[in-house]
Each structure stands twice: as C-alpha cells, then as structure tokens.
Amino acid sequence: MRTFKLFKRLITLASIPQVLLCVSVALSLVACSDDDEIKSPVIETEETELVTVDTPKLFTALPTYVFSDSYPQSAEALLRRISNKTSSLDDAVTTVAFTDARARSLADADMRKIINLYLRGGNIVYVEPTKEGIASWMKHIKNVFREMAAEGSLAIIYPPFASSFCSRFVDVESDSNGNPLPPFADEADTDGVVCDAIALRGSDLYVVSDLDDVTAGETLVEEFDEETGEILSSFMNKDSAPEMPTDYVYGQHAEALVAWLNLQPEYITDREKLMAQGRKMLVTEMA
C-alpha cells in the first residue's frame, strides 16, 4: 500500500482585533462623523507586553462632575486621572461624565445643566454608549432643549455653540421608529457597545475605541498529499481567545483622552479672543 506524506496547512480566516487608540476632534456622538477626526498613535505591543500596571502621569484639574455609577475598567483609568471632582453639577463645572445606564435615566434638571455646560464650551464624556442608550439620551436632550428655548433659559453666550448643538442633537434624521440617527454613531461591536467612551466639546469629538471587543478567530486546517497536492481532509479549528487589555493599555488610552479634555480652557480662550477681535473690528468700522 502506498504511503502518503501528510502535513497541515493553516489558513487564518479571522484575526484578533488590535488595540487602537481612537481620538477624533469634531463633535458628534460616536465615531464616524462628517467632522474631522484625529486618531491617536497605536500603542506598540512590543513596548507594552511586559508592562501591565497603570501609573497615571497626566491629570485633569478641570472641575469635573462624575455621576455616581458602576464604571467599567476602561473608565476607571480615566477617573484615576481626574484630580478635581466636584460634589455637585453647578455652573463652575467644565466637564461631566456618565455611563450609558445614567444617560437613559437622567433627570430633566440634570439634563438642563448638561445642555448649558455644552453651550458654555464644556466637556461631556459618555462612557460605553450603546445604540439604544444614545437614542434615548438624544430624544431626552431634544425635548429638554426645546423646553429651555421656549423659556429663554439657554446659556447661549457664543452662537456657534448653539448651532453645533442643534446640528448634533436636534436637527438629525430618525429611523422608522423615531430613534435619532446621529452621524457620529457607529455600529455596536460584539459586546453591545459602540465604543469605550465618547467625549464632546463644541464642534469637537474624541472617541476611544472599544478595547474590550476581542473575539477568537478560526483557522482552516487542511491535510493534503505532498506529491499530488490533493486535499485529503479539512476542518475548522477555533483559535484560543485573545487576552483582554491590561490596566496599562487602558491607562494609555485614558491619558490621551485627558490631554484632549485639558484643551478646554484654551478652547474657551480662543473663542473669547475671537469674539473680542470681532467686536473691535465692528467698532472700527462704525467709527
């Protein structure tokens, strides 16, 4: 009987997702918008494989109100870098953070404060948004915004902020069920969330990709005759599950987000300088 030499050929059908640090500058609520996007550098694996501990190096001292809730590991890395947490959501607050669960259950009074914070050029950080959570949040925003507009209680100190607010939250298309379809919202990943965090400020947007969305791939194993090339058998072999990101990786992404949040005072200063310049030009023309 003739003996064939067999060996296995591996063809990868799915690969393990890489850890990416996604940053975008442009306001919209979850990746993929018409606004300009800036993606942060990819964290090199060869430099981080042996590092697992998160050691914060960059902090934000901006007055930040964090709604009490159970935050995921990726968000905990951000919270460790907030050095000025406030006990109340008042006019002094320049950054607010909340989870998807909180976004669905915000009281009207808190939503009013968040809207006015946005209109003042403040930061909004939405942790692990889902498609359903975004839809619920945006419906609520639209309703409360219209009430405030009718009352004249909107803190509009810079008209372009109000314009960007409307284009992002009010004047958006809806699906057949009446759910808003914001241009910044991407599809949810395998774990149900759109991304780890989305941060909004004026016309700017910053998105941290879903670092926990790791799935095992599959490999096609074929046994074939070395001499004739004939395939004798084939089967699918499930690859081992990829490792979850370490605290160090979460920390690096949080550090980049903090750097973006810290641009807020400069953002306000630039706006005020622009308005001052405009007033000066107007006075000069009238003289």
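Residues numbered from 1 in each chain as written. Predicted model: local features only at pLDDT ≥ 70, side-chain atom pairs only at ≥ 80, totals over all residues. Heavy atoms only, no water.

Caption draft 1: Up close: helix 4 (residues 108-119). Between its first and last C-alpha atoms helix 4 spans 16 Å; for twelve residues at 1.5 Å apiece the expected length is 16 Å, and the two agree. Taken residue by residue, helix 4 has Met111, Ile114, Ile115, Asn116, Leu117, Tyr118 and Leu119 as its buried positions. Looking at the buried side of helix 4, the elements it contacts are strand 3 (95-99), strand 4 (123-127), helix 5 (131-151) and helix 6 (159-170). Positive phi shows up at Gly121, right after helix 4, with a value of about 90°. (Helix = DSSP H or I, 4+ residues; strand = E, 2+ residues; numbered from the N terminus. Expected span 1.5 Å × (residues − 1). Buried < 20%, exposed > 50% of the residue type's maximum accessible area, 1.4 Å probe, protein only. Contact = heavy atoms within 4.5 Å.)

Caption draft 2: Inspection of the pattern of salt bridges at higher detail. Scanning the entire structure with this criterion turns up eight salt bridges. For Glu147, the salt bridge is made with Arg112, and the minimal N-O distance between the two is 3.7 Å. Of the two residues, Glu147 is situated in helix 5 and Arg112 in helix 4; the sequence distance between them amounts to 35 residues. According to the relative accessible area criterion, Arg112 is partly exposed, its value standing at 22%. Of the charged contacts in the structure, one is a salt bridge between Glu151 and Arg112, with a shortest N-O distance of 2.9 Å. Taken as a pair, Glu151 in helix 5 and Arg112 in helix 4 lie far apart in primary sequence, 39 residues in all. If you follow the salt bridges from partner to partner, you end up with Asp54, Arg80, Arg81 and Glu255 in one network. (Salt bridge = Lys/Arg side-chain N within 4 Å of Asp/Glu carboxyl O.)

Caption draft 3: Quick peek at the pairing of strand 5 (residues 197-201). Among the five residues of strand 5, five are classified as buried, and the element is accordingly described as predominantly covered. Burial along strand 5 is two-sided: the face carrying Ala197, Ala199 and Arg201 and the face carrying Ile198 and Leu200 are both buried. Taken together, the four bridges between strand 4 and strand 5 define a ladder with antiparallel strand orientation. Bridge assignment links Tyr126 to a residue of strand 5, and that residue is Ile198. Bridge count for strand 5 against strand 6 (residues 204-208) is five bridges, and the pairing is antiparallel. For Ala197, the partnering residue across the bridge sits in strand 6 and is Val208. Linking strand 5 to strand 6, which pair antiparallel, is a turn of two residues; within it Gly202 sits at a positive phi near 55°. (Pairing = 2+ DSSP bridges.)

Caption draft 4: Summary view of the packing of aromatic side chains. This structure, assessed with the given rule, holds eleven aromatic pairs. For the pair Trp137 and Phe169, a centre-to-centre distance of 5.5 Å together with 85° between the ring planes defines the contact as edge-to-face. Of this pair, Trp137 sits in helix 5 while Phe169 sits in helix 6, and the two are 32 residues apart along the sequence. Just as Trp137 is buried, Phe169 falls in that class too. One aromatic cluster in this structure is built from Tyr65, Phe67, Phe98, Tyr118, Tyr126, Trp137, Phe145, Phe165 and Phe169. Of note, Arg201 hangs over the ring of Trp260, and the distance from its end group to the ring centre comes to 3.9 Å. (Phe/Tyr/Trp six-rings, centres within 6.5 Å; stacked < 30°, edge-to-face > 60°. Lys NZ or Arg CZ within 6 Å of the ring centre and 35° of its normal.)

Caption draft 5: Broad picture of the pairing of strand 3. Most of strand 3 sits inside the fold, with five of its five residues counted as buried. Burial along strand 3 is two-sided: Thr95, Ala97 and Thr99 facing one way and Val96 and Phe98 facing the other are all buried. Pairing of strand 2 (residues 64-66) with strand 3 involves three bridges; the strand directions are parallel. Bridged to Thr64 within strand 3 is Thr95. What joins strand 2 to strand 3 is helix 2 (residues 73-79), and the crossover it makes is left-handed. Sheet analysis places strand 3 next to strand 4, joined by five bridges and oriented parallel. Opposite Ala97, over in strand 4, you have Val125 as the bridge partner. (Right-handed = clockwise from strand over helix to strand, strands pointing away.)

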